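Read off the chains here:
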Amino acid sequence: MAQALHLHQRPQSLLNNYSSRNQVSPQSSLSSSQRTMMMIPLFNRSGLILLLSLLVFLGLILPFTGMPSQLSFSSSNNVNNKWRDYTLSQAVSYVAKNNTVIVCAVSYPYFPFLNNWLISITRQKHQDKVLIIAEDYETLYKVNDKWPGHAVLIPPAMDSATAHKFGSQGFFNFTARRPRHLLHIVELGYNVMYNDVDMVWLGDPFPYLEGNHDVYFMDDMAAVKPLDHSHALPPPGKKGRPYICSCMIYLRPTDGAKLLMKKWIQELQDEPWSRAKKANDQPGFNWALNKTVGQVDVYLLPQAAFPTGGLYFRNKTWVKETKGKHVIIHNNYIVGFEKKIKRFHDYGLWLVDDHAHESPLGQLVPHHTTNSGTQFFELLCSDLVETQRAICCKFRLSLEVARPRSVLIMVALALVNLFKYSWEFCAGM
């Protein structure tokens with residue numbers, strides 16, 4: 001857009017110089033075609049058609065020229081490329097404090113929950129050690145734009161447009177990556193706390209991580225336990241395994257923790273998602289715990305401090321009796337994006353509306369209003385270049401060899417994305 005305006009303005013500046021010498025009106029010196037071009041607003045129907053035509057043209061030539069880094073917005077593109085190459089080991093090294101990181105995994109639709117979670121952590125002064133594992137490039141760029149270095153993407157990237165429901169294949173694919181991320185971090189030698197972003201911190205959890213156990217976790221059962229309950233792994237339930245929540249885990253970089261993560265990965269590979277079972281990652285985690293008894297030193301966190309949503313949101317009597325003891329609240333035992341937000345609202349735990357300034361990410365602009373002409377163009381270029389790289393990786397080709405072979409795929413992707421982004425762009429105008 002900046003280039004287009006520059007080209008429109010250049011004849012005018014030249015004419016101004018000419019008119020000063022010859023006392024001729026600039027408007028009278030313009031050809032009819034020049035006047036027409038200057039009169040077309042960029043964002044009316046004609047301007048949009050011209051913009052789309054330009055994008056189609058660029059979609060055709062980008063595979064051969066590798067243009068994005070040479071365009072006027074190259075600085076933005078270069079920053080994005082920097083974060084694409086940012087590795088988990090670099091990210092963990094950057095954010096770790098006292099050899100410890102706090103990790104979540106999130107996709108773009110859950111940004112409000114991410115911000116809500118971050119506000120609660122900031123209130124406990126632990127935000128500096130937070131690392132966000134972005135599951136899509138939109139999340140990666142958004143977080144690192146506002147909070148550089150605190151987001152990393154571990155390929156392959158996932159679809160950023162869908163908020164996957166519990167029990168869906170998308171949800172399984174999303175959560176099944178978790179043990180690999182955690183295993184990598186402990187293999188790097190760091191302590192790691194994992195949280196789902198539908199959690200809220202009411203207190204500091206670290207004083208509760210007593211001793212030097214391999215792994216710490218919370219029970220997902222809603223049945224009330226005595227305040228002095230055992231910290232051992234609960235006995236198996238009716239399905240032959242315990243019912244531990246995989247949404248809040250703390251690991252030390254020990255052989256026992258690594259063994260547990262490897263076993264969890266194996267369990268997920270042995271029991272993949274199917275329409276019949278509609279699995280998620282939690283049963284695999286519990287089977288891994290069950291099958292490594294005696295090999296892994298585990299610690300069950302106190303229920304009063306780390307209650308499941310089935311207890312905290314459904315047992316008012318228990319909440320009153322344990323008032324002042326709650327540390328992390330998990331908004332589970334409920335399915336649905338809007339339902340979770342409403343329940344947080346009802347219990348005074350939705351902090352985003354009034355306290356966004358406390359988050360390292362600040363106030364987030366709604367997704368549909370973030371598109372501008374430049375972002376519109378960059379999204380297309382980004383997808384084309386990413387596809388090109390993927391084809392090179394798949395077939396072990398250099399960019400020069402891959403370009404001719406991938407052009408048809410790239411053109412098809414350009415057309416699909418032009419429709420997608422133009423729809424989103426027009427909706428946000």
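Residues numbered from 1 in each chain as written. Predicted model: local features only at pLDDT ≥ 70, side-chain atom pairs only at ≥ 80, totals over all residues. Heavy atoms only, no water.

Assignment of secondary structure puts Y194 in strand β4 (residues 191–195). Separated by 12 residues in sequence, Y194 and L182 have C-alpha atoms that sit 8.0 Å apart. Setting aside residues no more than four positions away along its own chain, Y194 makes contact with V103, C104, A105, R178, L182, S246, C247, M248 and I249. A distance of 3.3 Å separates polar atoms of two side chains, one belonging to Y194 and the other to R178. Engagement of the side chain of Y194 in a polar contact is seen with the side chain of D196, the distance being 2.7 Å. (Helix = DSSP H or I, 4+ residues; strand = E, 2+ residues; numbered from the N terminus. Contact = heavy atoms within 4.5 Å. Polar contact = N/O pair within 3.5 Å; in protein donor to acceptor, adjacent residues only side chain to side chain.)

The next thing to look at is the pattern of salt bridges. Counting across every chain of the model gives 8 salt bridges. A salt bridge links E267 to K263; the shortest N-O distance between them is 3.8 Å. Here the residue E267 and the residue K263 both occupy positions in helix α11 (residues 255–270), the gap between them amounting to 4 residues, near one helical turn. Its salt-bridge partner being K342, residue D346 comes within 2.9 Å of it at the nearest N-O pair. Taken as a pair, D346 and K342 lie in helix α15 (residues 337–346) at a separation of 4 residues, close to a single helical turn. (Salt bridge = Lys/Arg side-chain N within 4 Å of Asp/Glu carboxyl O.)

This part takes up the nonpolar core. Formed by 93 residues in total, the largest nonpolar core has its most connected members in L114, W117, I132, L251 and F285. In this view, I132 contacts C104, V106, L114, L118, V143, W147, H150, A151 and V152; residues no more than four positions away in its chain are not counted. (Core = buried A, V, L, I, M, F, W, Y, C linked by side-chain atoms within 4.5 Å. Buried < 20%, exposed > 50% of the residue type's maximum accessible area, 1.4 Å probe, protein only.)

Glancing now at the packing of α11 against helix α12 (residues 281–291). Packing of α11 against α12 leaves a shortest axis separation of 8 Å and a crossing angle of 130°. In terms of orientation, α11 lies oblique with respect to α12. Every pair of crossing elements has a handedness; the one defined by α11 and α12 is right-handed. Taking contact as the criterion, the partners of L260, M261, K263, W264, E267 and L268 in α11 are, on α12, D281, G284, F285, W287, A288, L289 and K291. (Axes fitted to C-alpha atoms, helices over the stretch in contact; angles between N-to-C directions. Parallel < 35°, antiparallel > 145°, perpendicular 65-115°, else oblique. Left-handed = near helix turned anticlockwise from the far one by under 90°.)

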